[in-house]
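Below are the chains, spelled out letter by letter.
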Amino acid sequence: KLGNDRVTYIKPGVFLNDFKKYSTATVRDRYRMKENIPVISSAAMCRPGRKADSIRFLIDCLAQLKSGGVDFYWIHAGGRGEYPELKKMAEEKLGDSAIMPGTMPEEEVHALLTASDIFAFPGINEPIGMVYLEAQFYRTPVIAFQSGGIKEVVKQNKTGILVPPMDQCAFVTALTTLINNPAKRMEMGEQAYRSVSEDHDINKNYTKIMEIMFSNQ
């Protein structure tokens, strides 16, 4: 029988050595974005089902912001699947505020996360969502649903804001809160970086597993 001293929970992790440093100016210059307008990013393939549905939900929430006179840029990294339909929807509802380059290399996604003020992706039925860890490593606070595996990687009101699933009002409120409060974004971003570095370093977590496996043999 396996004793309780040999059982532990290992948090989801990423390889921190895979992350490089990028300049925030790289993305802003590429897309000719004004410096004083916040950047909201998201990243996911546009596969039919929960991924495409999450993007549609996000576009509708951003449309509410735009209709309320809020300035922002939204850049979504990811293509294929329902990409043409989603891009058309974004153009119709968000106009020049939406930028959808399609599929992007990992380095460009990480550069985007560096330049982002907020990472917003609902994550319908998301089992884990490693992209949330990637965003947080680059000091970008997260807005997502409080469901599935997202709760394992985002700390409520510390590294991001999690809202009830499919609650557009709550999602828009969360976006508005962070858009209007740069100091809060910065504070959450710093906590997000520390959280990933301290709790979600996969090499550190593997070491913990090994220590437990080979202890008291």
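Before any of the text, the structure's been laid out above.
Okay, so let's go over this structure. Given the structure is predicted, the values throughout are model-derived calculations rather than measurements.

1. Looking at the overall build of the protein chain
Looking only at helices and strands, the protein chain features 9 helices and 6 strands. Per-residue burial over the protein chain gives 50% buried out of 217 residues. Of all intrachain contacts in the protein chain linking residues separated by at least 6 positions in sequence, the fraction that spans at least 24 positions is 69%.

2. What to know about the packing of aromatic side chains
A complete count under the given rule lists 9 aromatic pairs for this structure. Plain terms: the ring middles of Phe-119 and Tyr-132 are 5.8 Å apart, the flat faces sit at 85° to each other, and that makes the pair edge-to-face. Residue Phe-119 is found in strand β4 (residues 118-120), and its partner Tyr-132 is found in helix α5 (residues 130-137); the two are separated by 13 residues along the sequence. By relative accessible area, Phe-119 is classed as buried at 0%. Residue Tyr-132 is classed as buried on the basis of its relative accessible area of 0%. Ring-pair connections join several aromatic residues into one group, and the members of that group are Phe-19, Tyr-22, Phe-137, Tyr-138 and Tyr-193. Stacked on the ring of Tyr-193, the Lys or Arg Arg-139 has its end atom at 3.8 Å from the ring centre.

3. Comments concerning the nonpolar core
In terms of nonpolar packing, the biggest core is built from 68 residues, with Ile-40, Leu-62, Trp-74, Phe-119, Tyr-132, Phe-171 and Leu-175 touching the most fellow members. Ranked by residues supplied to this core, first place goes to helix α2 (residues 50-67) with 9 residues. If near-sequence neighbours (up to four positions away) are discounted, Tyr-132 is found in contact with Phe-119, Phe-121, Pro-122, Gly-123, Glu-126, Val-142, Ala-144, Ile-150, Val-153 and Val-154.

4. Notes on the pairing of strand β3 (residues 98-102)
With 4 of 5 residues buried, β3 lies mostly within the body of the structure. Here strand β2 (residues 73-77) pairs with β3 via 3 bridges, running parallel. Following the sheet pairing, Ile-75 is matched in β3 by Ile-99. Taken together, β2, helix α3 (residues 83-94) and β3 constitute a β-α-β crossover, and its handedness is right-handed.

5. Some thoughts on the pattern of salt bridges
Under the counting rule described, the total for this entry stands at 10 salt bridges. A salt bridge links Asp-117 to Arg-28; the shortest N-O distance between them is 3.7 Å. Here the residue Asp-117 occupies a position in the loop between α4 (106-115) and β4, and Arg-28 occupies one in helix α1 (residues 24-30), the gap between them amounting to 89 residues. The exposure class assigned to Arg-28 is buried, which follows from its relative accessible area of 8%. Between Lys-155 and Asp-199 there is a salt bridge whose closest N-O contact spans 3.1 Å. Pair noted here: Lys-155 is in the loop between α6 (150-153) and β6 (160-163) and Asp-199 is in helix α8 (residues 182-199), with a separation of 44 residues, a long-range link. Taken together, the shared-partner salt bridges connect Arg-28, Asp-117 and Arg-185 into one network.

6. Topic: the pairing of β2
Most of β2 sits inside the fold, with 5 of its 5 residues counted as buried. Burial along β2 is two-sided: the residues Tyr-73, Ile-75 and Ala-77 and Trp-74 and His-76 are all buried. Pairing analysis gives 5 bridges linking strand β1 (residues 39-43) to β2, with the strands arranged parallel. Bridging from a neighbouring strand, Ala-43 pairs with Ala-77 of β2. In this fold, β1 hands off to α2, which returns the chain to β2; that crossover is right-handed.

Basis of the calculations
- Residues numbered from 1 in each chain as written.
- Predicted model: local features only at pLDDT ≥ 70, side-chain atom pairs only at ≥ 80, totals over all residues.
- Heavy atoms only, no water.
- Helix = DSSP H or I, 4+ residues; strand = E, 2+ residues; numbered from the N terminus.
- Buried < 20%, exposed > 50% of the residue type's maximum accessible area, 1.4 Å probe, protein only.
- Contact = heavy atoms within 4.5 Å.
- Phe/Tyr/Trp six-rings, centres within 6.5 Å; stacked < 30°, edge-to-face > 60°.
- Lys NZ or Arg CZ within 6 Å of the ring centre and 35° of its normal.
- Core = buried A, V, L, I, M, F, W, Y, C linked by side-chain atoms within 4.5 Å.
- Pairing = 2+ DSSP bridges.
- Right-handed = clockwise from strand over helix to strand, strands pointing away.
- Salt bridge = Lys/Arg side-chain N within 4 Å of Asp/Glu carboxyl O.

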